[in-house]
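Notes for the structure review
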Amino acid sequence: LTKPFLAGRSVLVTAGPTRESWDPIRFLSNRSSGKMGYALAAAAAEAGAQVTLISGPVALETPLGVHRIQVESAQQMCDAMLVQVAAMDILIACAAVADYRPVKQATQKIKKTHQGLTLELERTPDIVEQLSNLADKPFIVGFAAETEHLETNASRKLKHKGLDMIAANWVREGQGFEVDDNALTVLWHGGKVDLPRTSKTQLARTFIKLIAEHYHAKGPA
Ligand code: C5P
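Residues numbered from 1 in each chain as written. Predicted model: local features only at pLDDT ≥ 70, side-chain atom pairs only at ≥ 80, totals over all residues. Heavy atoms only, no water.

The protein chain is annotated in an unreviewed UniProt entry as Coenzyme A biosynthesis bifunctional protein CoaBC from Nitrosococcus watsoni.

Written out as structure tokens, the structure is:
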């Protein structure tokens, strides 16, 4: 493939964590920095795509030429994606969506007492799984951050969530969340490749090229 290999294509990228609040001051979240997703959005724009980035709260600048939509909770991310998805050729779901949210959100700050506190949690919607059930769905790339059984878990998610590709990465010291470097094992139906450890910027360029190859090979839906 020669650049711009995604010219004329629309790419939706999700990035960052979500925040699930339980009162106006406090929330549950995770360690996602958004760096991998932002690097993917930048690399897709470099490859000529029209890029929309749906982002949870992160401390990163919007990449050049990218349209960013800011959200906070999993529900807001889901709603924003449902609005955007129909116009998209490729979806790259890199966001670390919270899996659980507090059942109740207090409207006023919950005052502390001398007792402990129990929060009741419920599941958030699985966004990619929901989108992969749409009739007119884009080419969908998911992510899987794992601390054990990397390939088994990723391959299960590839099938179960109806994805075209999945990028699995280890979360361990110096790699994965909050750092500048990453390595990915990319799986699709019938194949896989290891993308060795490098900067997220460089890794994103290699991965976007791989996604474009598979997208073009699949042909229009
Ligand atoms: O099951 P797991 O959370 O490991 O799956 C990760 C993949 O699923 C990522 O692509 C993530 O963006 C997506 N996801 C989602 N909605 C959720 C949880 C994860 O779209 N509620």
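Observations concerning helix H2 (residues 74-84)
Buried within H2 are the following residues: Ala-74, Met-77, Cys-78, Ala-80, Met-81 and Gln-84. On an axial view of H2, the arc spanned by its buried residues comes to 165 degrees, and they lie on one face. Where H2 is buried, its residues touch strand E1 (10-15), strand E2 (20-21), strand E4 (50-55), strand E5 (67-70), strand E6 (90-93) and helix H3 (127-131). (Buried < 20%, exposed > 50% of the residue type's maximum accessible area, 1.4 Å probe, protein only. Helix = DSSP H or I, 4+ residues; strand = E, 2+ residues; numbered from the N terminus. Arc of directions from axis to C-beta. Contact = heavy atoms within 4.5 Å.)

Regarding the UniProt feature "binding site: CTP" (unreviewed entry) in the protein chain
Those places that UniProt annotates as "binding site: CTP" (unreviewed entry) correspond, in this numbering, to Asp-99, Lys-109, Pro-125, Asp-126, Ile-127, Val-128, Phe-143, Lys-157 and Lys-161. These annotated residues cover 63 residues of sequence, and their C-alpha atoms sit far apart, with the largest distance between any two at 37.8 Å. Position of Pro-125 among the secondary structure elements: in the loop between strand E8 (121-123) and H3. Overall, Pro-125 belongs to the buried group, its relative accessible area being 18%. Leaving out residues up to four positions away in the same chain, Pro-125 has contacts with Gln-75, Cys-78, Arg-101 and Gln-130. (UniProt positions renumbered as here; feature names shortened; annotations may be inferred.)

Looking at the packing of aromatic side chains
Per the counting criterion, the structure on display carries two aromatic pairs. An angle of 85 degrees between the planes, with centres 6.0 Å apart, marks the rings of Phe-139 and Tyr-215 as edge-to-face. With a gap of 76 residues between them, Phe-139 in strand E9 (residues 139-146) and Tyr-215 in helix H5 (residues 200-218) connect regions that are remote in the sequence. Side by side, Phe-139 and Tyr-215 carry an identical accessibility label, which is buried. Residues Phe-143 and Phe-207 carry aromatic rings whose centres are separated by 6.0 Å and whose planes lie at 75 degrees to one another, so their mutual orientation is edge-to-face. Residue Phe-143 is found in strand E9, and its partner Phe-207 is found in helix H5; the two are separated by 64 residues along the sequence. On the basis of relative accessible area, Phe-143 is assigned to the buried category, the value being 18%. (Phe/Tyr/Trp six-rings, centres within 6.5 Å; stacked < 30°, edge-to-face > 60°.)

Describing the site of the ligand
Neighbouring residues of the ligand: 13 residues in total, closest Ala-93, Ala-95, Pro-125, Phe-143 and Lys-157. Thr-124 places a side-chain nitrogen or oxygen 3.5 Å from a nitrogen atom of the ligand. Ile-127 has a polar backbone atom sitting 3.0 Å from a nitrogen atom of the ligand. Protein coverage of the free-state accessible area of the ligand, which is 450 Å², stands at 87%. (Near = heavy atom within 4 Å. Polar contact = N/O pair within 3.5 Å; in protein donor to acceptor, adjacent residues only side chain to side chain. Areas by Shrake-Rupley, 256 points an atom, 1.4 Å probe, with all protein chains shown as cover.)

Notes on helix H4 (residues 150-160)
Here H4 has its buried residues at Leu-150, Asn-153, Ala-154 and Leu-158. What you see down the axis of H4 is that its buried residues fit within an arc of 140 degrees, all on one side. Among the exposed residues of H4, those oriented more than 90 degrees off its buried face are Arg-156, Lys-159 and His-160. In this structure, the buried side of H4 is in contact with E9, strand E10 (165-170) and strand E11 (181-188). Backbone geometry just downstream of H4 places Gly-162 in the positive-phi region, at approximately 65 degrees.

Re the pattern of salt bridges
A full pass over the atoms with the stated rule returns nine salt bridges. With a shortest N-O distance of 2.6 Å, Arg-26 and Asp-23 are connected by a salt bridge. The exposure class assigned to Asp-23 is buried, which follows from its relative accessible area of 3%. We note a salt bridge from Lys-35 to Asp-180, for which the minimum N-O separation is 3.0 Å. In this pair, Lys-35 is assigned in helix H1 (residues 35-46) and Asp-180 in the loop between E10 and E11, connecting sequence segments 145 residues apart. Judged by its relative accessible area of 26%, Lys-35 is partly exposed. (Salt bridge = Lys/Arg side-chain N within 4 Å of Asp/Glu carboxyl O.)

Things to note about the environment of Asp-194
You can see Asp-194 is positioned in strand E12 (residues 191-199). As for Asp-194 and Leu-184, which are separated by ten residues in sequence, their C-alpha atoms are 6.0 Å apart. Once residues within four sequence positions are removed from consideration, Asp-194 is found in contact with Leu-184 and Thr-185.

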